[in-house]
Each structure stands twice: as C-alpha cells, then as structure tokens.
Amino acid sequence: PLKADISSCGYIIDLSDRSRGKTTNKLILGLLLYKMYGIELQYVRQRRTDIAPKTMNDLYKTVIDYKYIEKIFDNRFNDIFYHSKRWWLTLRDDNGEVVEKCEPRCTFCIGLDDSDSLKSVYNAPRGDMIFHDEFITSTYGYSDFIRFSDICKTIIRDRISPIIFMSANTINKNSPWFAELCIEKEIEPMEQGEDKIIVSDEGTHIFLEILDENISKD
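Residues numbered from 1 in each chain as written. Predicted model: local features only at pLDDT ≥ 70, side-chain atom pairs only at ≥ 80, totals over all residues. Heavy atoms only, no water.

Visitor: Hey, could you go over the nonpolar core for me, with residue numbers and the actual values?
Guide: One recurring pattern in soluble globular proteins: nonpolar side chains tend to sit buried together. Ranked by size, the top nonpolar core spans 33 residues in total, and within it Leu31, Met56, Tyr60, Ile69, Phe73, Trp87 and Leu89 carry the most contacts. Mapped by element, the contributors of at least two residues to this core are α1 (22-37), β2 (41-45), α4 (68-72), β3 (79-83), β4 (86-92), β7 (129-132) and β8 (163-168). The element contributing the most residues to this core is α1, with six residues. With 32 residues, the next largest nonpolar core counts Ile110, Leu112, Cys152 and Phe178 among its residues. (Core = buried A, V, L, I, M, F, W, Y, C linked by side-chain atoms within 4.5 Å. Buried < 20%, exposed > 50% of the residue type's maximum accessible area, 1.4 Å probe, protein only. Helix = DSSP H or I, 4+ residues; strand = E, 2+ residues; numbered from the N terminus.)

Visitor: Residues and numbers for the packing of aromatic side chains, please.
Guide: Under the counting rule described, the total for this entry stands at 11 aromatic pairs. Between Phe148 and Trp177 the ring centres are 6.0 Å apart and the planes differ by 75°, which places this aromatic pair in the edge-to-face class. Linking Phe148 in helix α6 (residues 144-156) with Trp177 in helix α7 (residues 176-180), this pair joins segments that are 29 residues apart in sequence. Judged by relative accessible area, which is 1%, Trp177 ranks as buried. (Phe/Tyr/Trp six-rings, centres within 6.5 Å; stacked < 30°, edge-to-face > 60°.)

Visitor: Summarise α1; cite the residues concerned and give the values.
Guide: Between its terminal C-alpha atoms α1 stretches 22 Å, which fits the 22 Å expected from 16 residues at 1.5 Å a residue. Among the residues making up α1, those that are buried are Lys22, Thr24, Lys26, Leu27, Ile28, Leu29, Gly30, Leu31, Leu33 and Tyr34. (Expected span 1.5 Å × (residues − 1).)

Visitor: Would you mind going over the pattern of salt bridges in detail, with residue names and values included?
Guide: Overall, the coordinates contain 21 salt bridges when judged by the stated rule. Here Glu40 makes a salt bridge to Arg126, at a shortest N to O gap of 3.4 Å. Of the two residues, Glu40 sits in the loop between α1 and β2 while Arg126 sits in the loop between α5 (115-118) and β7, which places them 86 residues apart along the sequence. The buried category is assigned to Glu40, whose relative accessible area is 3%. Looking at Arg126, the relative accessible area reads 28%, which means it is partly exposed. Several salt bridges converge on common partners, so that one network encompasses Arg48, Lys85, Asp113 and Asp114. (Salt bridge = Lys/Arg side-chain N within 4 Å of Asp/Glu carboxyl O.)

Set out below in structure tokens:
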C-alpha cells in the first residue's frame, strides 16, 4: 500500500478514478503503524458532515470484510467501531457482542471546518499519520488549504515525525490545491501511471502519483 519513501517525503499525494483502493490502503497502513508504534491515524475530510456516523460507518468495511484486522493483530481483534469521531478496535464473540475494546483509539476523524475549534483544545502526540481523503471535491471550500494547514499544525505542533497523505478520486490537474501547494507546473505534464518527487522552494519533498488506468481483464 505504500510506494513512496516516507523517510524522505513530507507529503504523499495520489490521484485516480474511484474504486482503486487508495483509502483502504491508507487505512491498512494506519493499522500497521498503530500496531507497531502506537500511531493514531488522523483522518481528514472536507466537512464535518463527511465524518458523521451515517457517512463514516462503512469507512473500514473492506478492511473488515477481508479480515485484515484479524491478520494484522493476530486474531486479538476482529472488528472496529465508530463513535464520536473516534475508531476503536474491538474483539467480538460469536454472538457479535464486544468482549474487549482496545485503548487508546486507533483513528480520529476531523472535518476542515473543525480547524478553528480544535486549535486550542486538541492534542495528538501520537498523530504521526495524517490522511486527507477525497481532498479534491466538486467545490473548493472557503480557505480549504489554510484550514487543512491549521489542522496539520494543531496535530503536528513541533514534531518532525508526521507524514501527510492526500488522496483524490479524480484526476483534476486544475484544482486550486495544486496552486496552494506550489506544484501546478509540475503536475500539468504528468500522465496516468507516472509519479515524481517534487521539492518546494522551502525544501518540502512531495511525492505525487497519478495512478494508471484501471483496466479489468476477463
């Protein structure tokens, strides 16, 4: 699930059409980092309504259905549940009853419009993986980049360990996000199946990938 070298890139961005496994890959990586280092995935969407239970309940569905949780955690846990913007790993018995809940939580969900309210109250010392899912939408919201930057600053504080992942279910090279990230010239000539590392004027390393076409074979 990880093509880029996270030891050298601060941002890892991938674009493609839908149903390519981008989100599931990041969730699996987040669970592995949680198991190995106690890292808490910070899952970001554009609006707080995008992280409401009716939207979020199926976020880990593929991970659950293909039993990745059992495989990663050696059958100690077999499910995960969502409550109040937080995901907890659980162990359920044959009757579906929760017999153990893992503390601390493994994932925290944030909407960009939560940026101001989080500034003075939220602390995430284990939040070393930040994932902005579906960052390109049909509408670029008011100050989305600034709000995302504020959220990252709130999470990261002065740590140097966090990595920022960004995924989009569209190949829209004209998104304002690329102008904000100062990579619009670099992405313009890229084709599907290409990737590159871009170094900003201030020295930030950004791994950018446009996934190849999703071709099914009979």
